[in-house]
Each structure stands twice: as C-alpha cells, then as structure tokens.
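# Residue-level structural notes
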Amino acid sequence: MLNREIQSDRKNKNIIGMMQSCLILILVVLIIMIMVQITRLQGTARVINYAGLVRGDTQRMVKLEITGSRSDELIKYLDDILSGLRYQDGHYDLVKLHDKEYQDKLQVQSDYWEKLRTEIEAVRSKGYQNTDIVNMSEIYFHMADETVFAAENYSEKIAVKIRTIELLSALDMLCLVILVIMQTLTAMKMAMKNKLLEQRAYTDAHTGLPNKGACEALLRDQDTIVVPTACLMFVLNNLKTTNDTMGHSAGDRLIMDFARLLRSVIPDKHFVGRYGGDEFMAVIYHTSKTEIEELLQSLSREKDRWNNNENQIPIDYACGWAISTDEGTCTLQMLLDKADSDMYENKQLCKKRNLGSHQETQK
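Residues numbered from 1 in each chain as written. Predicted model: local features only at pLDDT ≥ 70, side-chain atom pairs only at ≥ 80, totals over all residues. Heavy atoms only, no water.

### Describing the overall build of the protein chain
When you go through the protein chain residue by residue, the secondary structure sums to 11 helices and 4 strands. Against the 2.2 N^0.38 benchmark of 21 Å for 363 residues, the protein chain shows a C-alpha radius of gyration of 48 Å, more extended than a compact globule. Referenced to the eigenvectors of the C-alpha coordinate spread, the extents of the protein chain come out at roughly 160 × 45 × 25 Å. Taking all 363 residues of the protein chain together, the buried fraction comes to 39%. In the protein chain, once contacts between residues fewer than 6 apart in sequence are set aside, the share between residues at least 24 apart is 73%. Surface summary for the protein chain: the accessible area is close to 21,200 Å², and the carbon and sulfur share equals 55%. (Helix = DSSP H or I, 4+ residues; strand = E, 2+ residues; numbered from the N terminus. Rg over C-alpha atoms; globule rule 2.2 N^0.38 Å. Buried < 20%, exposed > 50% of the residue type's maximum accessible area, 1.4 Å probe, protein only. Contact = heavy atoms within 4.5 Å. Areas by Shrake-Rupley, 256 points an atom, 1.4 Å probe, with all protein chains shown as cover.)

So, in structure tokens, the structure goes:
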C-alpha cells in the first residue's frame, strides 16, 4: 500500500515537473512579448510630441505668411518632421508607428500639406485675401489633430497589451510558485514515506525493535572499536516449548514480552535488536564490566518479577556478552561472535540445570 502511494506521489511529481516546464516556457514567451511591445512603445511619445508640434507650428507658419513674414526655415522644419514621421528618417530620431489607422491619417495629412504649401505660394503672390489659406489651415489643423489622436490611441493599445501580458506573467509566476510549493510538499511527503519504508524494512513487525537486517547493517561497520563497548546476546530458552504447547500466538506474545523487558532495562541510547527467531542482541556504548554486570542483574530481577505474575508466560533466557576492553583490537562483529559463543555456553548450562531439576522432581 505504501509503495503504491510512493509510486503515485512520484507520478504526481513528474506531472508537476512537466507543468512547471510548460509554465516556464510560457513565461519566457510572455517576457519576449513584453520586450517586443516595449520596443514598439519606445519612441511613441516622441512621435506624439512632434506630431503635435506639426499641428501648432503649421498654424504659426500660416499666421506669419498672412502678416507677410515669410518663414522658409519653418516650412523646411515641418517638411523634415513629416518625412521623419512617415519614413523614420531626418534629424529628429522619429520612429515609424506600425499602425494602419495612424499611417492612414498621416498619409492624408501629408497629402493635404502639399496642397497647403501650394496655397502658401499663392498667398505670397496674390495676398492672403485672394486665397483660401485660413480655411485650409483649419482643415489641416483638424487633420493633424486626428493624426495625434491616432498616435496616442496606438500608444494606449500597446500599453494595454503590456499590462495584459504583465498580468498573465504574474499569474504564470503565481502558478509556478504554487507548483514549487506543491512539489516541495510532495518531495517532503515522499521523503517521509521513504523514511517510513526504510524504518519498516529495518523494524521487526512483532516487537518494534530493529530487525535482523538492521542488526547486520550495524555489524557491517568494520571500524575498530575505540571506546569501551559491550555486545550482549540473548536467546529465549522456552520459545519452542511455548509454541508447541500453547501455540504460536503465545510464542509471539513471549517474544514481545521479552523485547519489552529488554527495552525497559537497557537505556534508549543503546542499541537493542531482534537478531533472529528467538535471539536478541544489544550494544552498550561507553560502558564497563561493572555496568554490564549491574545491567544483567537488573534484567534478572525484572524477569523474576515478571515470572511471579501468574497471568504472564514465564520468561527464561540464556545470555552471553563480551566487552571490547577484554578483546583488544576488535570490530563489533568480532565482539558479537565472542558474545554469541558465550551465550551458547550459557544456554548449555541452562539445559543441564533444567535437566537436573527435572530429574530431581521425578525422584
């Protein structure tokens, strides 16, 4: 069940990863679009400004012509501005706006400018009273006004596009943040489940103690023991008898009871594990012979107290132990082997003692 959940989490993590990649790609596209729109927007304000100058300076030029003050320089100035607006040339660093409405208005204005210039020549030769210069200047003013409005409208459209793209980018980044949070939570969840799986892989189901795999992993450490360390081996003497006479459920109960007994006597800072079916091991760090002997005496007292309770299955065990201070240079595995040998000798003594007791009872 847990494995299926982990596989499901991995699948979700992959989906989230793919979604992140897509959102990052979309974000890159949106950023490029913003850059393009900003490029289009650059110079638009200058175009609007100069289009407005054309509108005002044309009126000033007409007034000068009416009063008899010729201004060929002003006419050339207006020619240069209109050329820059239409073709992006001249001395004023004007850009060409790629907007049909604006270009159409500018084209109409430029065509009418040529007519207005012809009318100015007529003013100079006939006098303004004999021309339509005033009316034409008003018409030209409105045309220039429409051109300016078209340029402003183009600028606003770009600004709206930029704001829209910025909003989409912000939404995209928000989704990315949410996915990152989801991915982080999924990774944490997977890590917790993996840890739980690892714990289950190294935990004995009956006792909750580290199992044989955990014990063997501990013993694989080939480093020489440098601090006083003791290794203890225990074996339940009456497990087979309990299984045969009372059933395996009773045997399982005996195993759990002995595990609790060991864990209640041996402090949590030391290692206690189930090494096999009826075998248990303990590793006591930073210890001494005296401390081990006191610990075993305490365990024996707790066992007797337990066995005095008639409702409990009696516990009987054999024990062997070894301490690194007696063995010289050794590894934990070497220490365990010595403890295991000592435990076997103790088990044989227990059998002889029990056999002797049984024979005495028969007499």
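### Quick notes on the pairing of strand S3 (residues 279-285)
The buried fraction of S3 is high, at 5 of 7 residues. Across 7 bridges, the pairing between strand S1 (residues 229-236) and S3 is antiparallel. Across the sheet, the residue bridging to Cys-231 is Val-283, located in S3. Looking at chain direction, strand S2 (residues 271-274) and S3 are connected through 4 bridges and run antiparallel. Its bridge partner being in S3, Gly-273 is matched across the sheet by Met-281. Here S2 folds back onto S3 in antiparallel fashion, the turn holding 4 residues. (Pairing = 2+ DSSP bridges.)

### A few points about the side chain of Gln-20
Summarising the element assignment, Gln-20 is placed in helix H1 (residues 2-41). Judged by its relative accessible area of 11%, Gln-20 falls in the buried class.

### As for the environment of Leu-219
Tracing the chain through its elements places Leu-219 in helix H6 (residues 212-219). For Leu-219 and Val-148, which are 71 residues apart along the polypeptide, the C-alpha to C-alpha distance reads 87 Å. Leaving out residues up to four positions away in the same chain, Leu-219 has contacts with Tyr-275, Met-281, Leu-332, Gln-333 and Leu-336.

### Considering the nonpolar core
Met-61, Ile-81, Leu-85, Tyr-102, Trp-113 and Tyr-140 are the most contacted members of the largest nonpolar core, which has 33 residues in total. Put simply, the parts of the chain that give this core at least two residues each are helix H2 (44-66), helix H3 (72-87), helix H4 (100-126) and helix H5 (133-201). At 10 residues, the largest contribution of residues to this core is made by H5. With near-sequence residues (within four places) excluded, Met-61 lies in contact with Leu-74, Ile-75, Leu-78, Trp-113 and Ile-120. Counting 30 residues, the second-largest nonpolar core is a separate cluster that includes Ile-284, Leu-299, Trp-306 and Trp-321. (Core = buried A, V, L, I, M, F, W, Y, C linked by side-chain atoms within 4.5 Å.)

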